[in-house]
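Okay, here's what each chain looks like letter by letter:
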Amino acid sequence: MATPSAAPRRIVIENAAIATVDAHDTEYATGHLVVAGNRIESLGAGRAPEGLENVVRRIDATGHLVTPGLVNTHHHFYQWLTRGLATDHNLFDWLVALYPTWARIDESMVRVAAQGSLAMMARGGVTTAMDHHYVYPKGCGDLSAAVIGAARDMGVRFTLARGSMDRSEKDGGLPPDFAVETTEGALAATEETVWTHHDASFDSMTQIAVAPCSPFSVSTELLREGAALARRLGVRLHTHGSETVEEEKFCHELFGMGPTDYFESTGFLGEDVWMAHCVHMNDSDIAAFARTRTGVAHCPSSNARLAAGIARVPDLLRAGVPVGLGVDGTASNESGELHTELRNALLINRLGGHREAALTARQALRLGTFGGAQVLGRADSIGSLEPGKLADLVLWKVDGLAHSSIADPVCALVLGAAAPVTASFVNGRQIVENSRLLYADEEQLARDTRAEARRLARIAAQG
Ligand SMILES: [Zn+2]
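Quick notes on the rules
- Residues numbered from 1 in each chain as written.
- Predicted model: local features only at pLDDT ≥ 70, side-chain atom pairs only at ≥ 80, totals over all residues.
- Helix = DSSP H or I, 4+ residues; strand = E, 2+ residues; numbered from the N terminus.
- Rg over C-alpha atoms; globule rule 2.2 N^0.38 Å.
- Contact = placed C-beta atoms within 7 Å.
- Domains from an automatic or database assignment.
- pLDDT = per-residue confidence, 0-100.
- Buried ≥ 20, exposed ≤ 12 C-beta atoms within 10 Å, placed from the backbone.
- Pairing = 2+ DSSP bridges.
- Right-handed = clockwise from strand over helix to strand, strands pointing away.
- Axes fitted to C-alpha atoms, helices over the stretch in contact; angles between N-to-C directions.
- Core = buried A, V, L, I, M, F, W, Y, C linked by C-beta atoms within 7 Å.
- Expected span 1.5 Å × (residues − 1).

**What about the overall build of the protein?**
Phase 1 of the analysis: Secondary structure summary: the protein contains 14 helices and 17 strands in total.
Phase 2 of the analysis: Taken over C-alpha atoms, the radius of gyration comes to 22 Å for the protein, in line with the 23 Å a tight globule of 463 residues would show.
Phase 3 of the analysis: Overall, the protein is about 70 × 50 × 45 Å in size when its C-alpha atoms are taken along their principal axes.
Phase 4 of the analysis: In the protein, the proportion of contacts linking residues at least 24 apart, taken out of those at least 6 apart, comes to 74%.

**Quick look at the domain arrangement of the protein**
Phase 1 of the analysis: Partitioning the protein into structural domains gives domain 1 (10-68 + 389-437) and domain 2 (70-375).
Phase 2 of the analysis: For domain 1 and domain 2, the distance between their C-alpha centroids amounts to 29 Å.
Phase 3 of the analysis: Across the contact, 26 residues belong to domain 1 and 26 residues belong to domain 2.
Phase 4 of the analysis: When residues of the side of domain 1 that touches domain 2 are traced back to their parent elements, those giving at least two are strand 5 (64-68), strand 14 (393-397), helix 13 (409-415), strand 15 (421-426) and strand 16 (429-433).
Phase 5 of the analysis: Per-element tally for the side of domain 1 that touches domain 2: the top contributor is helix 13, with 5 residues.

**Structural notes on the environment of Leu-367**
Phase 1 of the analysis: Tracing the sequence through the fold places Leu-367 in helix 12 (residues 361-375).
Phase 2 of the analysis: Separated by 41 residues in the primary sequence, Leu-367 and Gly-326 place their C-alpha atoms 9.6 Å from one another.
Phase 3 of the analysis: The contacts of Leu-367, once residues within four sequence positions are left out, are His-298, Val-323, Gly-324, Leu-325 and Ala-345.

**Some points on the confidence of the model for the protein**
Phase 1 of the analysis: In the predicted model, the protein carries a mean pLDDT of 96, and 99% of its residues have values of at least 70.
Phase 2 of the analysis: Strand 5 holds the highest mean pLDDT among the elements of the protein, 99, whereas helix 1 (residues 91-102) holds the lowest, 94.

**Section: the pairing of strand 10 (residues 236-241)**
Phase 1 of the analysis: When you tally the buried positions in strand 10, you get 6 out of 6 residues, the bulk of the element.
Phase 2 of the analysis: Residues Arg-236, His-238 and His-240 point to one face of strand 10 and Leu-237, Thr-239 and Gly-241 to the other, with burial holding for every one of them.
Phase 3 of the analysis: Sheet topology places strand 9 (residues 206-212) next to strand 10; 2 bridges connect them, and they run parallel. Looking across to strand 10, one finds that Ala-209 is bridged to Arg-236.
Phase 4 of the analysis: This β-α-β element, strand 9 to helix 5 (residues 220-233) to strand 10, shows right-handed connectivity.
Phase 5 of the analysis: Examined bridge by bridge, strand 10 and strand 11 (residues 273-277) share 5 bridges and lie parallel to one another. Across the sheet, the residue bridging to Gly-241 is His-277, located in strand 11.

**Brief notes about the sheet that holds strand 11**
Phase 1 of the analysis: Ordered in space as 6-7-8-9-10-11-12-13, the 8 strands form an open sheet in which the pairing is parallel. For this open sheet the edge positions go to strand 6 (70-71) and strand 13 (323-325), each flanked by a neighbour on one side alone.
Phase 2 of the analysis: The sheet strands contacting helix 3 (residues 143-154) are strand 7 (126-133), strand 8 (157-164) and strand 9, and the helix crosses strand 8 at an angle near 160 degrees.

**Examining the nonpolar core**
In a soluble, globular protein the nonpolar side chains are often hidden away together inside.
Phase 1 of the analysis: Judged by nonpolar contacts, the single largest core of 143 residues is most densely connected at Leu-118, Ala-122, Val-147, Met-154, Val-156, Val-296 and Leu-413.
Phase 2 of the analysis: Sort the elements by how many residues they give to this core and helix 2 (residues 107-122) lands first, with 10 residues.
Phase 3 of the analysis: Counting the residues that make up this core, at least three belong to each of domain 1 (10-68 + 389-437) and domain 2 (70-375).
Phase 4 of the analysis: In this structure Val-296 touches Trp-274, Met-275, Cys-278, Phe-289, Leu-316, Val-321, Val-323 and Val-375, once residues within four positions along its chain are discounted.

**Examining unusual backbone geometry**
Phase 1 of the analysis: Positive phi values are uncommon outside glycine, yet Ala-86 reaches one of about 45 degrees.
Phase 2 of the analysis: With respect to the helices and strands, the residue Ala-86 is situated in the loop between strand 6 and helix 1.
Phase 3 of the analysis: For Ala-86, a count of 17 C-beta atoms within 10 Å puts it in the partly exposed group.
Phase 4 of the analysis: With a phi close to 45 degrees, Arg-355 is a non-glycine residue in the positive phi region.
Phase 5 of the analysis: Mapped onto the secondary structure, Arg-355 falls in the loop between helix 11 (339-350) and helix 12.
Phase 6 of the analysis: By C-beta crowding, Arg-355 is classed as exposed, having 10 other C-beta atoms within 10 Å.

**Observations concerning helix 2**
Phase 1 of the analysis: Over its 16 residues, helix 2 extends 22 Å from the first C-alpha to the last, a length consistent with the 22 Å expected when each residue adds 1.5 Å.
Phase 2 of the analysis: Across the 16 residues that make up helix 2, a large majority, 14, are buried.

**Focus on the environment of Arg-104**
Phase 1 of the analysis: For Arg-104, the position within the fold is in the loop between helix 1 and helix 2.
Phase 2 of the analysis: Exposure remark for Arg-104: the 21 C-beta atoms within 10 Å place this residue in the buried category.
Phase 3 of the analysis: C-alpha of Arg-104 to C-alpha of Gln-430: the two residues are 326 residues apart in sequence and 36 Å apart in space.
Phase 4 of the analysis: Once you skip the residues sitting within four places of it in the chain, Arg-104 turns out to touch Pro-137, Leu-456, Ile-459 and Ala-460.

If you want it as structure tokens, here you go:
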């Protein structure tokens with residue numbers, strides 16, 4: 001009788017260009033990568049080693065670039081149902097226009113919106129997603145379980161940033177009074193979400209962060225107590241910061257200091273924190289982020305859509321600040337794709353002061369992969385292709401009409417048209433094949449998201 005092999009099931013990928021995004025930016029013009037179980041076992045130039053046992057699949061990846069899976073570091077899934085509204089507004093006017101609609105969401109809407117958001121990202125090479133959810137109307141159901149379930153069903157690695165708002169119009173904030181939670185209620189619900197869902201393990205598929213929404217929708221107490229709660233529970237902290245000139249003015253008027261100084265005064269800077277946007281930062285703000293190792297989620301399309309400005313990404317990187325990329329909510333970035341943000345990050349930053357020296361194509365790829373893993377606190381397990389790391393990786397087809405004459409595959413991915421995903425793996429498990437999701441029905445999702453968007457619009461119109 002044959003002895004059952006103890007070797008894990010192996011998948012061998014060969015004949016691909018590989019960009020590892022490791023510390024040395026190692027690349028192979030033609031190389032191989034071996035997945036064993038849920039880990040990357042080996043990779044290198046040329047063909048895979050002979051004699052590997054338990055190989056269940058061999059992929060001839062000729063004409064492809066293999067990269068780490070993309071990591072999205074800022075999003076609001078529920079906004080999938082409010083795309084294409086208030087399209088010519090700045091941030092504050094846009095928020096005031098949309099809050100009354102957002103305050104009508106329920107569990108069914110949030111589940112479908114999460115499925116739509118995740119589907120759009122996953123078929124474009126995202127293997128780790130995040131959702132900063134901060135709207136919890138009374139009686140809305142278990143929204144955290146709904147979005148976590150959607151990510152699990154689609155096979156995407158996931159961080160839920162459990163958001164909150166407790167500073168409404170009556171306290172000088174921006175949201176209407178009926179759209180916010182109490183400070184105590186928000187903290188208790190956040191702690192409960194961590195206890196119920198957070199998995200701190202190396203190959204965790206679900207993590208929770210504490211994420212009060214922004215200086216203009218959250219009390220100082222909630223920021224301070226939120227930071228203390230995250231540290232007590234050993235989870236990460238997230239919020240929006242320094243997004244617009246209006247926010248900067250708000251902070252000076254209410255707190256007598258700019259956003260970065262305000263965050264520091266509440267304990268909201270640190271190596272366990274990442275912040276979305278960080279557009280309006282002076283040199284001392286950047287130095288504070290560098291000193292405290294606070295991370296940044298750079299969202300170039302959303303910043304452009306809301307006329308927020310251009311984040312100083314080259315200066316942040318030179319100062320040593322960890323920077324990842326974010327789609328941001330799809331009410332301010334209707335495309336909802338991350339692979340096109342690689343290109344937008346490069347192009348938009350070249351419109352800033354550093355011009356052509358702003359970002360290289362390889363730096364843009366690093367922002368979307370390893371940089372994202374850093375700001376989510378997962379750089380030890382994901383974000384680069386290295387032996388021992390989790391097998392989250394993408395095969396981009398770069399030999400079609402759109403890309404075949406572009407001289408270099410990394411430039412084809414970053415500067416060319418959105419590249420098709422032939423295969424995407426999360427935790428060693430394939431979730432996309434030939435740009436189609438293996439665990440979701442896109443046509444059904446298109447119908448479901450449209451129906452729920454219309455239902456939300458109807459309810460909101462009733463007031
Ligand atoms: Zn946001």
